[in-house]
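What follows is each chain in one-letter form.
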Amino acid sequence: MTFKTLDDLQDAAGKCALVRVDLNVPMDNGKVTDTTRISRVLPTIRELSDKGAKVILLAHFGRPKGERVKTMSLAPVTPALAALLGKEVLFCEDCIGQTASSAIANLGNGDVILMENTRYHPGEEKNDAEFAKALAANGDIYVNDAFSAAHRAHGSTEGIARLLPAYAGRTMQAELEALSSALGNPERPVLAVVGGAKVSSKIDLLENLVSKVDMLVIGGGMANTFLAAKGIDVGKSLCEHELAATAKTIMAAAEKSGCEIVLPVDAVVAREFKAGADNETVTLDAIPQDAMMLDVGASSIETVKQKIAAAKTLVWNGPLGAFEIEPFDKATVAAAKFAAERAKAGQLNAVAGGGDTVAALNHAGAADDFSYVSTAGGAFLEWLEGKELPGVKALEV
Ligand code: AMP
């Protein structure tokens with residue numbers, strides 16, 4: 001797809017730029033506890049401010065469902081944003097109407113203002129035309145830098161983009177470029193590693209991936225469902241037996257499209273789901289009735305590494321085992337480290353994201369060396385499912 005970026009914006013000085021950002025950050029007692037999302041939107045804010053635009057930030061926080069819920073105000077995010085930006089950030093108690101237009105009228109070139117939670121208005125989530133119009137009334141241009149909110153067709157992510165000249169911010173641009181390099185027009189062979197708890201939450205994703213990638217490693221709890229569908233007794237492992245037919249359909253689709261499915265060949269099993277639980281590595285025909293598989297075994301790790309070594313492109317979502325409890329993080333850590341090394345050496349385009357994946361890669365100390373790690377949860381997964389994201393579609397030229 002083609003979209004305009006900030007490179008296409010020539011005359012920003014004096015313009016009111018409505019910039020959709022993701023500031024839905026974790027908070028504890030009114031203090032921001034993780035600034036990752038804030039850091040991601042700084043380049044766009046800085047660039048627009050340096051070019052003399054009046055930067056008007058639009059964002060949501062939590063799910064106030066169209067009401068002014070005090071605990072979901074964006075006001076406490078303002079100081080954290082200002083500190084990281086190294087510049088004053090003003091705050092406005094409403095994102096539309098008289099309060100908003102008066103605050104914006106007072107802005108000087110280069111000023112930055114954060115508008116209150118867009119979801120305080122019911123029109124935001126309904127993508128109501130009047131609400132989008134009220135937002136657009138305060139700007140000359142629209143910049144979307146919130147890929148993580150792009151799977152929702154909301155007033156501030158979709159409706160507004162149809163009313164003003166629309167641009168992708170730097171983070172949105174980087175995300176779209178990374179995703180397109182991984183699945184849009186990738187260097188082959190392409191390997192997908194999919195893990196995590198359940199098949200049921202990733203059926204669409206698996207179906208889409210088998211039609212696009214050359215190799216698919218399935219790990220984590222979801223591998224058990226595939227193994228059980230192949231007639232393996234998985235004991236007390238997490239397993240969705242009722243999805244055996246679905247697993248078989250996915251395997252048949254993979255065979256048809258020439259995608260090799262790689263399942264574990266051995267398992268680390270334990271009787272308790274807790275850190276340090278007694279465990280042993282067994283072959284698949286020897287999983288004890290009263291034990292559960294919490295990680296893939298050493299032989300499986302070797303196979304995964306071989307597949308990573310054979311790939312030019314890697315898309316990763318979900319851990320290979322119960323990585324939060326040691327020692328069942330071993331396979332995830334080993335595979336992530338190996339992929340990171342290959343990526344760092346320029347041998348692999350490694351893109352990862354979605355849910356627990358970022359935490360798993362951070363745990364492995366591998367995130368920094370991956371080519372791209374998406375902090376978007378739902379949007380990244382919907383993109384892996386092959387769905388069109390409304391907020392991205394609206395930027396298309
Ligand atoms: P997801 O959000 O679907 O990516 O799932 C992530 C969760 O899957 C993590 O909390 C892991 O602990 C869990 N998980 C991974 N492998 C297993 C396994 N073999 N048995 C139980 N849970 C697992």
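Treat the numbers as computed from the prediction; the structure is a model and nothing was measured. (Residues numbered from 1 in each chain as written. Predicted model: local features only at pLDDT ≥ 70, side-chain atom pairs only at ≥ 80, totals over all residues. Heavy atoms only, no water.)

So, about the sheet that holds strand β17 (residues 372–374). Pairing within the open sheet is parallel, and its six strands lie in the order β11-β10-β9-β15-β16-β17. The sheet is open, and its two edges are formed by β11 (260–262) and β17, each paired on a single side. For this sheet, the mean inter-axis angle between neighbouring strands, taken without regard to orientation, is 15°. Bridge count between strand β9 (residues 190–194) and strand β10 (residues 215–218): four bridges; the pairing is parallel. (Pairing = 2+ DSSP bridges. Helix = DSSP H or I, 4+ residues; strand = E, 2+ residues; numbered from the N terminus. Axes fitted to C-alpha atoms, helices over the stretch in contact; angles between N-to-C directions.)

The next thing to look at is the site of the ligand. Of all residues adjacent to the ligand, which total 15 residues, the nearest are Ala 197, Lys 202, Gly 221, Met 293 and Glu 324. Residue Asp 356 places a side-chain N or O atom 3.5 Å away from an oxygen atom belonging to the ligand. Alone, the ligand offers 500 Å² of accessible surface; in the complex the protein occludes 82% of this. Within the residue set of the shell around the ligand, elements represented by two or more residues are α9 (220–229) and β14 (292–296). Classifying every residue of the shell around the ligand gives seven nonpolar, five polar and three charged. (Near = heavy atom within 4 Å. Polar contact = N/O pair within 3.5 Å; in protein donor to acceptor, adjacent residues only side chain to side chain. Areas by Shrake-Rupley, 256 points an atom, 1.4 Å probe, with all protein chains shown as cover. Nonpolar A, V, L, I, M, F, W, Y, C, P; charged D, E, K, R; others polar.)

The two faces of a sheet get side chains in turn, since along a regular strand they alternate between them. Covered by surrounding structure in β10 are Met 215 and Val 217 together with Leu 216 and Ile 218, the residues of both alternating faces. Taking the sense of rotation as the criterion, the β-α-β connection linking β9, helix α8 (residues 203–212) and β10 turns out right-handed. Sheet topology places β10 next to β11; three bridges connect them, and they run parallel. Bridging from a neighbouring strand, Met 215 pairs with Glu 260 of β11. (Buried < 20%, exposed > 50% of the residue type's maximum accessible area, 1.4 Å probe, protein only. Right-handed = clockwise from strand over helix to strand, strands pointing away.)

Here we take up the pattern of salt bridges. Per the counting criterion, the structure on display carries 18 salt bridges. The partner of Asp 7 in a salt bridge is Arg 170, with the nearest N and O atoms 2.8 Å apart. Here Asp 7 is found in the segment before β1 (16–20), whereas its partner Arg 170 is found in helix α7 (residues 170–184), with 163 residues between them in sequence. Notably, a salt bridge pairs Asp 214 with Arg 188, separated by 3.0 Å at the nearest N-O pair. Linking Asp 214 in the loop between α8 and β10 with Arg 188 in the loop between α7 and β9, this pair joins segments that are 26 residues apart in sequence. Residue classification places Arg 188 among the partly exposed residues on the basis of a relative accessible area of 44%. The network of salt bridges with common partners includes Asp 7, Glu 47, Lys 51 and Arg 170. (Salt bridge = Lys/Arg side-chain N within 4 Å of Asp/Glu carboxyl O.)

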